[in-house]
Every structure is written in structure tokens, then in C-alpha cells.
Amino acid sequence: GNEPVKSPHQTPWRTKCNGKLTRVYLGYEFKTDVLQIRFEGYENGDPGFWYSLLYALLEGASQALEIDRQDLDGVLYPYAGDLSRPALILYDDVPGGAGHVRRIAENQERLVEVLKTTLEKLKLCNCGGEERDTSCYGCLRNYRNQFCHDQLKRGPIIDFISSILR
């Protein structure tokens with residue numbers, strides 16, 4: 001609501017200010033396409049695994065669909081409140097959606113193609129040496145996921161995706 005100015009003062013235009021302060025709440029909402037991916041029957045209590053898988057799939061999807069990585073993003077959603085088996089939510093990061101994630105959702109072969117591309121991309125990188133226990137800007141890291149860089153590991157995702165594609 002409106003709050004009276006606590007102490008009258010001079011404006012930058014050298015006039016007296018004794019007006020009211022109006023609080024404004026800024027929010028942003030846009031409609032876009034969303035794809036939810038869950039791995040039924042698989043649990044992993046390490047949030048780093050799920051973040052690694054999410055960002056690996058986003059990288060793989062942008063490469064497989066030949067789209068700008070900036071046009072896709074994703075979040076983890078705790079399915080039924082369970083953090084050890086969250087849903088991966090992928091979405092078009094453009095207002096109105098661009099149909100990118102819809103293309104994956106509508107075609108099972110395309111999802112397999114995304115998984116294969118993701119796997120190839122992770123295998124091409126050599127960060128973390130033999131252990132593959134880290135990540136870099138060549139595979140999983142980007143500016144937007146800095147908050148979890150220390151948790152992103154390509155090795156467990158290579159093993160996981162390899163086991164699904166068998």
C-alpha cells in the first residue's frame with residue numbers, strides 16, 4: 001500500500017518531496033511448453049545426480065534438436081514430495097514456447113535420440129580423468145547453473161544413460 005514519506009527531502013529537481021511511496025511487486029509469467037520426465041522405479045538420494053542428469057539432458061536436447069541451448073531450461077520437481085526421485089521438468093525458455101520440448105514429447109524415437117546425443121557429448125569430454133567425477137563448461141556447466149557446479153558429475157550420468165539405452 002501507500003506509505004507516507006518518513007522525512008520530507010529535496011528531489012533531484014530541487015523541489016520538496018513529501019509525497020507517498022507506492023510499493024510495487026514485480027512478477028513475470030509466461031506460457032510455454034513443458035515436458036515432465038520421470039524415471040519410474042529409480043531412486044537416488046544425491047541431488048547432484050539429478051542436477052547432473054537434468055543439465056546433461058538439456059545439453060543433449062539442444063544438440064539433438066539443433067537449437068540454441070539458451071532456448072531450453074529445466075528444473076527438478078520433487079515428485080510426491082520425494083527428493084530421491086524427482087521429476088525433471090524441461091521447458092522452452094521462450095515466451096509462448098517454441099515447440100522444442102513438444103517435439104521430444106511427441107516422439108519416443110526423438111527422446112532416445114536425445115539420450116544418445118547426451119551420452120555421446122558426455123563421453124567426448126575428458127574432465128575428471130578416469131573417475132569422471134566432475135564436470136566442465138564443455139559438458140554440463142553453464143552460467144545459469146553455477147549454483148550447483150560443485151555437484152555436477154558426468155560419470156554417474158554416463159553410467160545411468162548407458163544402462164537405460166541397453
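Here, residues in each chain are numbered from 1, in the same order as that chain's written sequence. Where local features are concerned, this predicted model is filtered to residues with pLDDT of at least 70; where side-chain atom pairs are given and counted, the filter is 80 or more; whole-chain, interface and lining totals use all residues. Water and hydrogen atoms were dropped before computing side-chain values, which therefore reflect all heavy atoms in the structure.

**Regarding the overall build of the protein**
Only runs of H or I of at least four residues qualify as helices and only runs of E of at least two qualify as strands under DSSP, and these elements are numbered from the N terminus. Counting secondary structure elements, the protein contains 4 helices and 7 strands. Along the protein, from the amino end to the carboxyl end, the secondary structure elements read β-β-β-β-β-α-β-β-α-α-α. The C-alpha radius of gyration computed for the protein amounts to 22 Å, which surpasses the reference 15 Å derived for 166 residues by more than 25%, pointing to a less compact arrangement than a globule. For the protein, the spread of C-alpha atoms along the three principal axes comes to 75 × 35 × 35 Å. The 166 residues of the protein split such that 39% are buried. For the protein, the exposed surface amounts to about 10500 Å²; the carbon and sulfur share of it is 49%. Asp and Glu count as negative and Lys and Arg as positive, but His and the ends of the chain are not part of the count. Throughout, a charge is located at the NZ atom of Lys, the CZ atom of Arg, the CG atom of Asp or the CD atom of Glu. Taking the 21 positively charged and 23 negatively charged side chains of the protein as two groups, their mean positions are separated by 8 Å. With C-alpha atoms as the basis for the radius of gyration, the globule rule is written as 2.2 Å multiplied by the number of residues raised to the power 0.38. Classification of residues uses two cut-offs on accessible area relative to the type maximum, computed with a 1.4 Å probe and protein chains only: under 20% is buried, over 50% is exposed, and between them is partly exposed. Accessible areas in this description were obtained via Shrake-Rupley with a 1.4 Å probe; residue shielding takes into account the shown protein chains only.

**A short note on the packing of helix 3 (residues 108-124) against helix 4 (residues 155-165)**
Running from amino to carboxyl end, helix 3 crosses helix 4 at an angle of 145°, the nearest separation of the two axes being 10 Å. Considering only the axes of helix 3 and helix 4, their crossing is left-handed. For the pair formed by helix 3 and helix 4, the contact residues are Val112, Leu115, Lys116, Thr118, Leu119, Leu122 and Lys123 on the first element and Ile157, Ile158, Ile161, Ser162 and Leu165 on the second. By the convention adopted, Pro, Cys, Tyr, Trp, Phe, Met, Ile, Leu, Val and Ala count as nonpolar, Lys, Arg, Asp and Glu as charged, and the other residues, Gly among them, as polar. When its residues are assigned to classes, the contact of helix 3 with helix 4 shows 8 nonpolar, 2 polar and 2 charged. All axes here are fitted lines through C-alpha atoms, helices being fitted over the stretch that makes contact, and every angle between N-to-C directions spans 0 to 180 degrees. Helix crossings get a hand from a simple test, with the near helix turned counterclockwise from the far one by less than a right angle marking a left-handed crossing and a clockwise turn marking a right-handed one. Note on definitions: a residue-residue contact is assigned when non-hydrogen atoms from the two residues lie within 4.5 Å.

**Description of the nonpolar core**
By nonpolar core is meant a set of buried Ala, Val, Leu, Ile, Met, Phe, Trp, Tyr and Cys residues that side-chain atoms within 4.5 Å join together. The biggest cluster of nonpolar side chains holds 34 residues, and the ones touching the most others in it are Leu53, Leu88 and Leu90. Of all the secondary structure elements, the ones that give two or more residues to this core are strand 5 (34-37), helix 1 (47-64), strand 7 (82-92), helix 2 (100-105), helix 3 and helix 4. Among the elements that make up this core, the one with the highest residue count is helix 1 (10 residues).

**Considerations on helix 1**
Relative to the 26 Å expected for 18 residues at 1.5 Å per residue, helix 1 spans 25 Å between its end C-alpha atoms, a close match to the ideal helical length. Across the 18 residues that make up helix 1, a large majority, 15, are buried. Among the residues trailing helix 1, Glu66 stands out with phi positive, at a value near 55°. By this rule, a helix spans an expected 1.5 Å times one less than how many residues it contains.

**Comments concerning the pairing of strand 6 (residues 72-79)**
DSSP calls a pair of strands paired once it identifies at least 2 bridges connecting them. Strand direction decides the pairing type here: strand 6 and strand 7, joined by 7 bridges, are antiparallel. The residue of strand 7 that forms the bridge with Tyr77 is Ala87. Counting the residues that bridge the hairpin from strand 6 to strand 7 gives 2 residues, and of these Ala80 lies at a positive phi of roughly 50°.

**Focus: the pattern of salt bridges**
Note on definitions: salt bridges are taken to be side-chain nitrogens of Lys or Arg within 4 Å of carboxyl oxygens of Asp or Glu. In total, this model carries 8 salt bridges according to the counting rule given. Across the salt bridge formed by Glu59 and Arg69, the nearest N and O atoms sit 3.4 Å from each other. Of the two residues, Glu59 is situated in helix 1 and Arg69 in the loop between helix 1 and strand 6; the sequence distance between them amounts to 10 residues. Accessibility expressed as a relative area gives 11% for Glu59, which makes it buried.

**Overview of the side chain of Arg69**
Owing to a relative accessible area of 13%, Arg69 belongs among the buried residues under this scheme. Polar side-chain contacts of Arg69 include one of 3.4 Å to the side chain of Glu59. We define a polar contact as two N or O atoms separated by no more than 3.5 Å, with the added condition that, inside protein, one atom must be a possible hydrogen donor and the other a possible acceptor, whereas residues neighbouring each other in sequence contribute only through side-chain atom pairs.

**Quick word on unusual backbone geometry**
Although it is not a glycine, Ala80 sits at a positive phi angle of roughly 50°. With respect to the helices and strands, Ala80 occurs in the loop between strand 6 and strand 7. The exposure class assigned to Ala80 is exposed, which follows from its relative accessible area of 68%.

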